Amino acid sequence: MEVSAEAKRIMVVALGKLYSSRTQRGGVRLHRSLLLTLVMKSARDIYHAAQTAAESAAAVCEQHTEMETCAEPSGGQELQSPSSVAAGRTETSPHLLPGDADSHSGADKENTCPFGPAQHTRKRRGKATAEPDFIPCKKAKLECGISPQQLHVSSVLDYVKCGELGPPIPLQTVIAAC
Amino acid sequence: NRAVFFAGPGGGSSDVQWYFSQVKGAMDDDVAEADIISTVEFNHSGELLATGDKGGRVVIFQQEPESKNQAQCRGEYNVYSTFQSHEPEFDYLKSLEIEEKINKIRWLPQKNAAQFLLSTNDKTIKLWKISERDKRAEGYNLKEEDGRYRDPNSVTTLRVPVLRPMDLMVEASPRRVFANAHTYHINSISVNSDHETYLSADDLRINLWHLEITDRSFNIVDIKPANMEELTEVITAAEFHPNQCNTFVYSSSKGTIRLCDMRASALCDRHTKLFEEPEDPNNRSFFSEIISSISDVKFSHSGRYMMTRDYLSVKVWDLNMETRPVETYQVHEYLRSKLCSLYENDCIFDKFECCWNGNDSVVMTGSYNNFFRMFDRGYRQDMTFEASRENSKPQSVLKPRKVSTGGKRKKDEISVDSLDFNKKILHTAWHPLDNIIAVATINNLYIFENKMN
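Residues numbered from 1 in each chain as written. Chains lettered and ligands numbered in written order. Predicted model: local features only at pLDDT ≥ 70, side-chain atom pairs only at ≥ 80, totals over all residues. Heavy atoms only, no water.

Draft legend 1. Representation of the packing of aromatic side chains in the model. Considering all chains together, one arrives at 21 aromatic pairs over all chains under this definition. Centroid distance Phe 83 of chain B to Trp 128 of chain B: 4.4 Å. Interplanar angle 40°. Geometry classified as tilted. Here the residue Phe 83 of chain B occupies a position in strand β5 (residues 77–84), and Trp 128 of chain B occupies one in strand β10 (residues 125–138), the gap between them amounting to 45 residues. Judged by its relative accessible area of 8%, Phe 83 of chain B is buried. A relative accessible area of 5% places Trp 128 of chain B in the buried class. Each residue in the set Phe 20, Phe 372, Phe 385, Tyr 446 and Phe 448 of chain B is aromatic and connected to the rest through ring pairs, giving one cluster. Positioned over the ring face of Tyr 343 of chain B is Lys 17 of chain A, at 5.8 Å from the centre of the ring. Looking at Arg 32 of chain A, its charged tip hangs above the ring of Phe 349 of chain B, at a distance of 4.7 Å from the centre. (Phe/Tyr/Trp six-rings, centres within 6.5 Å; stacked < 30°, edge-to-face > 60°. Helix = DSSP H or I, 4+ residues; strand = E, 2+ residues; numbered from the N terminus. Buried < 20%, exposed > 50% of the residue type's maximum accessible area, 1.4 Å probe, protein only. Lys NZ or Arg CZ within 6 Å of the ring centre and 35° of its normal.)

As structure tokens, then:
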């Protein structure tokens, strides 16, 4: 389990670096944020692989993808409102704390975008100041079958964009291992 | 005219040695953040050497003419001009401070008595004119010497003002300010061989400017995805081809280089060539993406090759072959097993630059512990030297250094764990016509030269 311990540490360090980069002079650096996101994704993939290999819980993880609180609208399905998304995630947030090594149910909770929706509910942004490019996507990225990697990029870049636009928003939850 | 003088690379060959020449900057241990050197660049003749620092200042050194008495003693570099290029700014819309740190300096080829350079911070590029004034006009008819105007009625005779010599004054004045064209942080500027245009690159876009026109630029590369969540790579460096004014390259955080031809279309989103080496699966780690990110790309003077620097290596590419580099040089392979620590202390994000010597036979790049490395492409030799105060006696020979990687450490070798990762050489420059190199430690500029024994 050394690999998964190392993976978890790498993820936590990445998050710490991303968080502190918000207060860096000169603004959030896109290149650095992207690299940190990629490292987190790598580490998380490896962590998951190690977990599922160790505990043969592949079936459990699949069940949990259906419990997604964030859903990409497809075929005309309505978006969940931000408040319900936030509510859904708040319930799951205790599972997302690192160090909670036993809970499998958290395995796919991290596929709910912890950064994006949380920040959407807190964000107040006038239309005048927001360019279309910078409006964080209010949709979760995860579709069935799409690898979770996009979600991490999305959540971090939402985080990045928030840094560019408004005052820092405190980190709510941590992308973490189960 | 300086004789073109390309001896061997030095170090390995017994004929040629590298010597300490000068060191610039404060030599005390307390480093002010503003004094951190952020860019180093020789001009096209090598007579001028510019540095930019984190405090937004540019310092230009000029080489003294060769002394006629000492045939092989090249002139010293002394301060020629110092000016504040950029100031900190505040973007009120985004609530962001814009750093004054000079990211890059690029010289324009000299057209007249004055010198011109482009300097850039994260958001704004400026064209500076550096000119000399060594004469003053005296004997005006309508003004006194102190500048007060004379009463016209008191003027009874007319005289022609004469030019009298004065102490040399070097003036730097901003001639153009190219602003508001970059949403992201500018990482590169490059002057075109047409001497009329230049490019500036940020994380996602490259713009083409005309040196005379500041109120608009053309966007020639845009890799920003429609949906930022789909972002997978950023632009890390860009450069114009040294003699084909329609060609430029840009490197990415994914380790690829794209060569673009501006004749193909107005927006060069589709590359003409894509240079990419498949990753060695044996080397795969958590940090593979970080260390494959290219931090610098430089064309050879000939224009036939280009060189890229990633975290652990320098690669030379033949522009005619896209599938893999023709040469790969390991800068500090012993760090591969330390990547996790380097990630935690942030060193893995360091952006090292690289440079060619005048005839493209040697490439050079920096490392940690104030080491810098030279790779001789012809002789297949590599050398490691250290820029340190201990080696700062005039004309002292640079001893080659070695990092011990195995169990046994030989005398004079340094072990990987003893390396000082706070002492990093990110910026190096090689005189375009001579064997003089400028190596920047955190806040000092070392000048070394080599000569035949």
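Draft legend 2. Region of interest: empty space enclosed by the protein. Evaluation of the coordinates by the stated rule reveals 5 cavities of 30 Å³ or more. Around the largest cavity, the lining comprises 16 residues; the ones closest to its centre are Gly 26 of chain A together with Leu 96, Lys 123, Thr 183 and His 185 of chain B. At 3 residues, the largest contribution of residues to the lining of the largest cavity is made by strand β7 (residues 96–98) of chain B. When its residues are assigned to classes, the lining of the largest cavity shows 5 nonpolar, 4 polar and 7 charged. (1 Å grid on protein atoms, 1.4 Å probe; cavity = no way out; pocket = protein on both sides within 12 Å on 5 of 7 lines; lining within 4 Å. Points joined across faces, edges and corners; volume = space filled by probe spheres on them. Nonpolar A, V, L, I, M, F, W, Y, C, P; charged D, E, K, R; others polar.)

Draft legend 3. The state of the cysteines, seen in detail. Residues and elements named next belong to chain B. Inspection of every chain in the model, using the stated rule, returns 0 disulfides over all chains. Residue Cys 340 stays outside any disulfide, its sulfur separated by 13 Å from that of Cys 347, the closest cysteine. Under the relative-accessibility criterion, Cys 347 is labelled buried at 3%. (Disulfide = S-S within 2.5 Å.)

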